[in-house]
Structures are given as C-alpha cells and as structure tokens.
Amino acid sequence: MKNKGITIFLIALAVIIVIIIVNEYLSDKPDKGKPNPYQYSVEEFKKIDPSLIRYKESVNFRIGFDNPAAIAIYNDTIYAAGDDIIKIIDLKGTLSGQINLPVSPHTLKVFNDKIFFAAGNRLFVYNMSDESTSEWEPLEELSFITAIAANANDIFIADAGNRRVVRYSPEGHLISVFDGKAEEGALHGFIIPSAYFDIEINDEGKLWIVNPGMHSLENYTFEGQLRSHWKHASMKTEGFSGCCNPAFFTFLSDGRFVTSEKGLVRIKTYKVSGEFEGVVAAPDKFIEDGHAPDIAADSKNNIYAMDFDKKVIRVFNPVD
Amino acid sequence: MKRKLLYIFLTFIFCITALTSYSQQQRFPKPEFSSGYEQPDVVTPEPRSGGFEYLDVAVLLVVLSLAAWFALRKRSRQGILWLSVFTLVYFGFYRNGCICSVGSFQNITLSFFDAGYSVSISTLLFFLLPLIFALFFGRVFCAGACPLGAIQDLLIVKPLSLPKWLNKTLGLIPYIYLALAVLFAATGTDFIVCRYDPFVGIFRMDAKFHMIVLGISFLLMGMFVARPYCRFLCPYGVLLSWMSRFSKWHLTITPSLCIKCKLCTTSCPFDAIDFPVNEKEIVQSGPGTKKFIVYAMLIPLWIVAGAFVGERSHLYLSRANQNVYLAELLISDPEIKNDPDNIDVQTFLESGKTMETLVEEAEVMRGQFKTGSMIAGGFIGLVIGLTLINTTVFRKRQDYVPHRGNCLSCGRCMDYCPVEK
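Because the structure is a prediction, the values reported are computed rather than measured. (Residues numbered from 1 in each chain as written. Chains lettered and ligands numbered in written order. Predicted model: local features only at pLDDT ≥ 70, side-chain atom pairs only at ≥ 80, totals over all residues. Heavy atoms only, no water.)

## A closer look at the domain arrangement of chain B
Residues and elements named next belong to chain B. Assigned domains of chain B: these are domain 1 (54–262 + 398–416) and domain 2 (278–392). With twelve residues of domain 1 at the interface, the matching set in domain 2 holds 15 residues. Summing both partners gives a buried area of about 1,200 Å² for domain 1 against domain 2, and 83% of it is carried by carbon and sulfur. Linking domain 1 with domain 2 are zero salt bridges, by the criterion used here. Connecting domain 1 to domain 2 are one residue pair in polar contact (both at pLDDT 80 or more). Here the side of domain 1 that touches domain 2 takes seven residues from helix α9 (residues 173–186), the largest share from any one element. (Domains from an automatic or database assignment. Contact = heavy atoms within 4.5 Å. Buried area = accessible area lost by both parts, 1.4 Å probe. Salt bridge = Lys/Arg side-chain N within 4 Å of Asp/Glu carboxyl O. Polar contact = N/O pair within 3.5 Å; in protein donor to acceptor, adjacent residues only side chain to side chain. Helix = DSSP H or I, 4+ residues; strand = E, 2+ residues; numbered from the N terminus.)

## Here's the deal with the packing of helix α1 (residues 4–27) of chain A against helix α12 (residues 209–222) of chain B
At a closest axis distance of 9 Å, the pairing of α1 of chain A and α12 of chain B adopts a crossing angle of 150 degrees. Considered as vectors, α1 of chain A and α12 of chain B are oriented roughly antiparallel to each other. Both α1 of chain A and α12 of chain B take part in a crossing whose hand is left-handed. When α1 of chain A is examined against α12 of chain B, the residues Phe9, Leu10, Leu13, Ala14, Ile16, Ile17, Ile20, Ile21 and Glu24 of chain A are found in contact with a partner set consisting of His210, Met211, Val213, Leu214, Ser217, Phe218, Leu220 and Met221 of chain B. Here the residues of the contact of α1 of chain A with α12 of chain B sort into 14 nonpolar, two polar and one charged. (Axes fitted to C-alpha atoms, helices over the stretch in contact; angles between N-to-C directions. Parallel < 35°, antiparallel > 145°, perpendicular 65-115°, else oblique. Left-handed = near helix turned anticlockwise from the far one by under 90°. Nonpolar A, V, L, I, M, F, W, Y, C, P; charged D, E, K, R; others polar.)

## Concerning the pattern of salt bridges
This model, assessed by the stated rule, comprises 34 salt bridges over all chains. A salt bridge links Arg227 of chain B to Asp153 of chain B, with the shortest nitrogen-to-oxygen separation between them at 2.9 Å. Here the residue Arg227 of chain B occupies a position in the loop between α12 and α13 (228–232), and Asp153 of chain B occupies one in helix α7 (residues 147–153), the gap between them amounting to 74 residues. Asp153 of chain B matches Arg227 of chain B in its accessibility class, with the two residues each being buried. Between Arg397 of chain B and Asp274 of chain B there is a salt bridge; the shortest N-O distance is 3.7 Å. Pair noted here: Arg397 of chain B is in the loop between α19 (355–392) and β2 (401–402) and Asp274 of chain B is in strand β1 (residues 273–274), with a separation of 123 residues, a long-range link. Taken together, the salt bridges that share partners define one network made up of Glu24 of chain A together with Asp190, Arg195 and Lys208 of chain B. (Buried < 20%, exposed > 50% of the residue type's maximum accessible area, 1.4 Å probe, protein only.)

Encoded structure:
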C-alpha cells in the first residue's frame, strides 16, 4: 500500500481529534465539572493574631428593632435608631426613652440636645428640649445621606449619592459644598462605590471624612481644604480592603480612631497618627457575609457596635 | 490639499478614540492592594473599543480585495501567500482569532431567534463581506483572509490526493456541523464553532491542553491532507461554497485557452480541479438517467429519514443546553445540591431561580430542540440525497477547471500553467 505509514499516522490523528472533541463535549456538564480553581476565598484573611486583639466583648443589648439603622453616643447615653424609632438607652442597656419618628432613619447624630437624623435625601432635627421635629430643605433627588457630623456652629452631612459633603449652619442654611478634590496629584476626591460614606468631628473640632474607595481617612478644614490624611490599603489585618472601607468610624476619647469594615467584617483601632493599633472584634465575631456594624464609643473608650445581622448592640471593653 | 485634510481628519479621529479609551481606564484609580488571588484567564479577547472594530472591518475589506486582485487579475500565488501570512499575524495572533467570519453566522442566527440579542454592524459585515466576495470572485476569503485557513495552508508539506468516495463522504461533515451549529446557536445553547475551534487556542496561547493537542493534530494532519479543517469541518465553508458556485468571476487555471498539458493535475492539494470529461466513457459506464431518477425520488425519503433521526436524537442533543441538563441532573440526583464544589449547581441555587422555573425553561428548550433537530435532520437528509444525485449528473467539460464550490482560490494551479496571457 502506497503511503502506508502516512495513512496510519492520519488515522491515528483522526482518532485523537474525535476523542478530544467527544471528550470536550461530554466533560463540560454540571456534574462533570471540577471544583472552581479560581474561587475567591478570604478565609486566610479572617485569621487574626490573638496578640492583636485589644478588646473583649462583655455584654450585648437586644434592642427590639426589625431594621436597626444607626447608633450614636452623646454624654454617655446611647441613641439607637431603627424602624421609625430612636431609643435612648443608658450604658448598662436600660431603656430610658423613645422617640417616634416620621420616617425610618438611615443615620443619626446627637449634639447639644438635638438629634439630627436622615432618611434618603431628607434631613430632620429633633429638639429634645421642646420635643419638636423639623425638616430641612431636602437635597437633590440623587442625594443619599449616610452620615452627619455636628459641632456648635456647623452641621456637615455626607451625601454618598453625589459624593460630596454639605455644610450647614445650625439653623439649616446651606453654607458650602465640597467633593474632596485636592490639588493635582494629592488626592483623588471622594470615591464612593457604595452607600458607605462616614464623617465625624473629633473633640479637637477637626473634621474627618472617610474616602472609602481610597481606603483613607482624610482631615479637611470646614471650608473643604484637605489638611492631612492617612490610608492603609491592604488585605492584611492592619489595612482596609475591598471596594470601599472603612464603612464606619468613630473616635475614642483621646482622639484615636475606631473603624468598622464590611466584606471582611471587623472592628479595629488606629492611633491618632493613623498607625494600626489593634483589633476590637475579629471577623469570627460576626456572621458569614454579614454587614459592617455601626460603631460608637463612650468616654471610657468602651466601643458599642450595632450588629445589623444579630439586631443587637454589642459592647466591647478594652483589655488592659 | 483635500487628501491632506483627510489625513489630518483621520489622525484626529484616531487620537480621539485612543484618548477616550485611555481616559476610561484612568477615571478610577486601581485599589492599591494585593490579595495574592490569581485572576482567571479571560476566555475571549476584549471587544474593540470605539472605532477600532471598524478598523478590523476595513482591514478585512482590504485583504479580501487584495485576495481577489491577486487571484483573478494579478494571478499571483506569491501575493496570496504573503496575504495569508499577514492574515495569520493580524486576524490570528494579533486579534486572537476574534472576530472571525467563520463563527459569525452563529451570532447572526442567535440574533434572529433571541429578541434580546443583537449583533454589531461589524459582526454583520464580517459575516457578509466574505459571502459577497465569494458571490463575485469565488472563495477568496479562504485564499487569503481566513486565519484558520492561513495557518493550515502554510504547513502543507506533502498533500495526498484522497479517493473520491472519501472526499465526498467527509465533505458531508461540514453540512452536519453547520446544521448543529445553527441549532445550538438558535436555541442559545452554545456557539460550538467557536468552542471547538482548534486553532484559536494557538492564536491566544492560552487554550486548555487538550485543545492545543487538537489544534496540533489538525496541523499535523494538514501536512498530508491539505487544510483538513477547511475541507471537512468548516461550516462557513458550506456557505462560501454555495456562493462561489454562482460567482460572477472565478479564478481560472489558465489565463487563456487550456492546452491540456496536464501539468496542473497534481497542483491542487485540495482535489478541487475538475478534469475534462470523456463523453464516451460516461455513456458506457451505465444507465445514469435511471440512477438519477431513482436518487431524485429518494430525496423526500432522505429528508423524512433525516427528520426522523433528528426527532429521535433531540433529547440527547438538548442535554447540551445548560438548563435542560441541570434540570435533569437535579431531578435525578437531588443530593448534588449539597455539593459545594459543583459550580453550576451552586450558581443555580444562589440565583434565586426556583426548581419549577428551571423545569419549565428546560421543557420549552426541549420543545425548541425537537423542532430544530427535525429541521436539521431534514436538511442533512436533503444534502445526502443531493450528494448522491450529484454522482449521477454528467457535466460536459473539455478543459481542466477549478471546481467552483471546492476551489479555495489559493492560486497554486496558476503557477503550473505554462500558457502565457
């Protein structure tokens, strides 16, 4: 036979081709697939070195909300918002008062006998002295208020919908708006991929704002000029990761930062300089795929975390 | 002056499109951390941004025009060869074999059957341009504009001439492949022509090992059986062949009168040269007319038989559809829901879709497969019937001419012809 060797070679190749095609056709089925080699697992990052944990959970308060929303502490009294109620609770967890609201708030701030709370693009002020509630001029339709900061002369709101901070007078007059953009090359401006955009004024009267997309905390003048910032973008314990973290932050009495993160749910403390200090609550304290807890601190540096998944306020005391 | 202005305008447009894609990339800073996570390889190349997809269309148009010019006017095998090298580099290795005319008919098919799926103008042009050129100039796309053809063409070493019966039998496979590809695309099940493309993995350098072996096997086979994929698998080749049979102009072996020197007889590695027919031999060979009538009468039977086989096989074919297979699997093996490693099952469970919805969708899909399989089977039956009839048809031919349907317009035969213009 002419070209016998080539013919055998061709037949062998034809067999290989048929086997590969049939195998490819049969193998790509739901019960034949291999485990996902690209599964994204963060389990490794949930592990925390026990020596870094500086706080211990002591107690938790069941607050009775179907939809807990926010927590604030003022004069060592807890103000917890949820459903369409604000509950006033002492540090031992005893309910001392309750305020019914016209809306379900998303965030709240208490300052000088006034409770500021917001729902969507609407901001309300509840005056504790005469028990009256007033509503300020609503923001634009796309606005979404995620946090409020206040001192004697200024009220700031973080508008995640428009990625900006709006400054008001205590009477509700709009003073200015800024979007965090600094001079060329310094900072990007606020990057808000999701509705987490926190803002606080510390005891020194300094305005701090989270830039979650940059994993940074930024200090601005009240006019919106960037003064300083620190950032920790890292998958390690000392850093912030994911699209947008930290989700919430607050201050301890000595000016240190407490941060709460989503994704890898955890609470940590940072020094005034922004240097990582320790862990308050490790990821194993929270449910799988849980929400970042809102946080507040009392004068003794105890940290109160509103756990949205378990619907309780969890109290963490420093371990000395 | 006008030309200068045109150049300036085109440069400006080019800069704008480039700037747009650059600014889109830079509008959001990349998070500066690494988790050590290994990103999966992207299976298909990223779509072209802005006007670049039309650049590909323009390149295809130019290559097709040049191929037609080299094959019909210039009669230059050398030109076609270098053109196919360019095609291999540009459409193959640079554009990663995508977008590709060969698989484009699947996109077009799906757009007819799925109201939510639309094809871009560039995809439509990639589908139509080679067919239009084939209608006017023959299969010049296969000659110089197809990267799949080019990679095989460059590796032909010692082409063997296959027996006629084997050529005819293997030549049925592209029709079967075309019918199945249309069926699978129309039902939104899969684009099998892309999935089983043996060379795309080589172009992208990222295929699974066995697909690389498949590509290499085809190339090795192509050393002795020239362009096996083009001749015995390519479903788009079927459409091109249909068009080319009616082509207004077509490559000719001789530029003038054939002197029957027979020098070209062994020049075609694709067995696509029709020899002159000796009328006496045909008449002596048997009762052709009788055979023709019998075969013609058998055609409806072939169609019915094909439709019957299609109907019988629709259950098996429909299992290629993810919904059908998943529904059957979850019904027959409910425990598989607890397998955390089964990505498809876990994806279904997390999608929120109910089992009832899945089963309903699977039943609808089976119905579509039943109809589609019968049509596909009937089509294949028709093709078999016509192929048989074709064996009985006598065509008077006095010269050596390329077969208009099978000729890939590569131009090899032209170099063998001693006749001067």
